[in-house]
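Each chain is listed here by its residues.
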Amino acid sequence: MNAFAIDSFAGIASHALERMAFVIAEPSGEAPETALAECVAQATIGLRGLGQHVLTVAATPGMVREFASGMLGVDADEVDVAEHAQAAVGELANVLAGELVMLATAGDAPASLGIPNATSAEEAARQLAVASTSGFCVVLRSDLGKLLVLVS
Amino acid sequence: MNHRILIVDDSPLLRKTARRAVVLAGADPARIREAGNGREALDALAKEPADIVLLDINMPVMDGYEFVEAQAKDPTLTGLKIALVTTEGNKERLERMAQLGVTGYLRKPFAPEELRALVAQWFQEA
């Protein structure tokens, strides 16, 4: 992806957070390694038909709280992060992978998604290393937390 | 509202969100059921029919496509209203789903209000 497409994807990811859960998030200049170290849940999803790529999503506790509260219509303080963290990053991986496919194909190519899988911080760090050299990384910051999206 | 609704999604968070939207549309919470994939949905429908199915596509075990293909062949499931609630945007696959009787489509990411409005519209039409 070129810089324009990465900027577009960052905007699409911000838009998805806002539409799904009323989370206002903007790209942050923070190093992805720093953001990843604060994350409590990670998920990966494979993309087929655009070459073989993996999209990884990781979220900090504050992002989980904000995202789940917006989706469920409850106060952020009421969200049990341990209960919702994995479901939140899994759903975000699914949605953002779908958005990436649409960005690349506009619905005209038979690309498909895998199933989101929970993954470890170590595996996410490995995906970050790959994404840093042959993919891209996006860090979004909201009021309460951060979301890291890696495409490798 | 007396409509029987089945929410089919492998994400528990999405199922909760959809349940909330459907209740806000006027559904009776006691008449809403949930399934985690297409196989579970077929099993649930065999036990008790539904009027409306909100269906994810990208699920383990049996995905949404396989569910729609299976229900289209089952005469006991005639008249089921199905809405895809999914990240899927491939035009060819969506056309195939429409040919098999799928009449609703809401692409993720959606705002909860959009799902509420879709279901409320179907309630009015029923």
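Just so you know, these numbers come straight off a predicted model, no measurement behind them.

Peer 1: Explain the overall build of chain A residue by residue, including any values.
Peer 2: The secondary structure content of chain A amounts to 5 helices and 7 strands. Going residue by residue from the N terminus, the α and β elements of chain A occur as α-β-α-β-β-α-α-β-β-α-β-β. Looking at chain A as a whole, 50% of its 152 residues are labelled buried. Taking all contacts inside chain A whose residues are at least 6 apart in sequence as the whole, residues at least 24 apart take part in 68%.

Peer 1: Please set out the interface of chain A and chain B residue by residue, giving values where relevant.
Peer 2: At the interface, 21 residues of chain A touch 18 residues of chain B. Those elements that provide at least two residues to the side of chain A that touches chain B are helix H1 (3-21), helix H3 (61-72) and helix H4 (81-105) of chain A. Ranked by residue count, the leading element in the side of chain A that touches chain B is H4 of chain A, at 9 residues. Grouping the constituent residues of the side of chain A that touches chain B by class yields 12 nonpolar, 6 polar and 3 charged.

Peer 1: Describe in detail the packing of H3 of chain A against H4 of chain A, supporting the description with residues and values.
Peer 2: Residue and element names in this part refer to chain A. Two numbers describe how H3 lies on H4: the axes approach to 9 Å, and their chain directions differ by 85°. Classified by the interaxial angle, the pair formed by H3 and H4 is roughly perpendicular. Contact residues: Pro61, Val64, Arg65, Phe67 and Ala68 in H3; Val81, His84, Ala85 and Ala88 in H4. Looking at the contact of H3 with H4, its residues break down into 7 nonpolar, 1 polar and 1 charged.

Peer 1: Report on the packing of helix H1 (residues 12-24) of chain B against helix H5 (residues 112-125) of chain B, specifying residues and quantitative values.
Peer 2: Residues and elements named next belong to chain B. Axis separation between H1 and H5 bottoms out at 8 Å; the angle between their running directions is 50°. One finds that H1 runs oblique with respect to H5. Crossing hand, H1 versus H5: right-handed. From H1, Thr17, Ala18, Arg20, Ala21, Val22 and Leu24 reach across to H5, where they touch Pro112, Leu115, Arg116 and Val119. Of the residues assigned to the contact of H1 with H5, the class counts are 7 nonpolar, 1 polar and 2 charged.

Peer 1: Can you break down the sheet that holds strand E4 (residues 81-86) of chain B residue by residue, with the values?
Peer 2: All names here are of chain B. What the 5 strands build is an open sheet, ordered E2-E1-E3-E4-E5; its pairing is parallel. The sheet is open, and its two edges are formed by strand E2 (32-35) and strand E5 (104-107), each paired on a single side. The mean angle between the axes of side-by-side strands here comes to 15°, regardless of whether they run parallel or antiparallel. Judged from the 4 bridges that link them, strand E1 (residues 5-8) and E2 form a sheet pairing that is parallel. By the bridge assignment for E2, Ile7 is matched with Glu34. With respect to the sheet, H5 is in contact with strand E3 (52-55), E4 and E5, its orientation differing from that of E5 by roughly 175°.

Peer 1: An account of helix H5 (residues 121-134) of chain A is requested, with residue identities and associated values reported.
Peer 2: Because the α-helix completes a turn every 3.6 residues, residues three or four places apart line up on one side. All names here are of chain A. Under the 1.5 Å per step criterion, the end-to-end length of H5 is 20 Å for 14 residues, consistent within 8% with the ideal 20 Å. All of the buried residues in H5 are Ala124, Gln127, Leu128 and Ala131. Taken around the axis of H5, the buried residues stretch over an arc of 110°, which confines them to a single face. The exposed set on the far side of H5, more than 90 degrees from its buried face, consists of Glu122, Thr133 and Ser134. Structurally, H5 contributes buried residues whose contacts are with helix H2 (32-37), strand E2 (41-48), strand E3 (53-59), strand E5 (117-119), strand E6 (136-141) and strand E7 (146-151).

Peer 1: Give a detailed account of the pairing of E4 of chain B, specifying residues and quantitative values.
Peer 2: All names here are of chain B. Here 4 bridges tie E3 to E4, and the two strands are oriented parallel to one another. Its bridge partner lying in E4, Leu55 is registered against Leu84. Handedness of the crossover is the feature at issue here: the chain leaves E3, passes through helix H3 (residues 64-72), returns alongside E4, and the resulting connection is right-handed. Here E4 pairs with E5 via 4 bridges, running parallel. Among the inter-strand pairings, Thr86 is bridged to a residue of E5, identified as Arg107. In this fold, E4 hands off to helix H4 (residues 91-99), which returns the chain to E5; that crossover is right-handed.

Peer 1: Summarise the pairing of E6 of chain A; cite the residues concerned and give the values.
Peer 2: All names here are of chain A. Bridge count between strand E1 (residues 26-27) and E6: 2 bridges; the pairing is antiparallel. Considered in E6, the bridge of Pro27 is made with Leu140. Judged from the 6 bridges that link them, E6 and E7 form a sheet pairing that is antiparallel. For Val139, the partnering residue across the bridge sits in E7 and is Leu148.

Reading the values: rules and limits
- Residues numbered from 1 in each chain as written.
- Chains lettered and ligands numbered in written order.
- Predicted model: local features only at pLDDT ≥ 70, side-chain atom pairs only at ≥ 80, totals over all residues.
- Helix = DSSP H or I, 4+ residues; strand = E, 2+ residues; numbered from the N terminus.
- Buried ≥ 20, exposed ≤ 12 C-beta atoms within 10 Å, placed from the backbone.
- Contact = placed C-beta atoms within 7 Å.
- Nonpolar A, V, L, I, M, F, W, Y, C, P; charged D, E, K, R; others polar.
- Axes fitted to C-alpha atoms, helices over the stretch in contact; angles between N-to-C directions.
- Parallel < 35°, antiparallel > 145°, perpendicular 65-115°, else oblique.
- Left-handed = near helix turned anticlockwise from the far one by under 90°.
- Pairing = 2+ DSSP bridges.
- Expected span 1.5 Å × (residues − 1).
- Arc of directions from axis to C-beta.
- Right-handed = clockwise from strand over helix to strand, strands pointing away.

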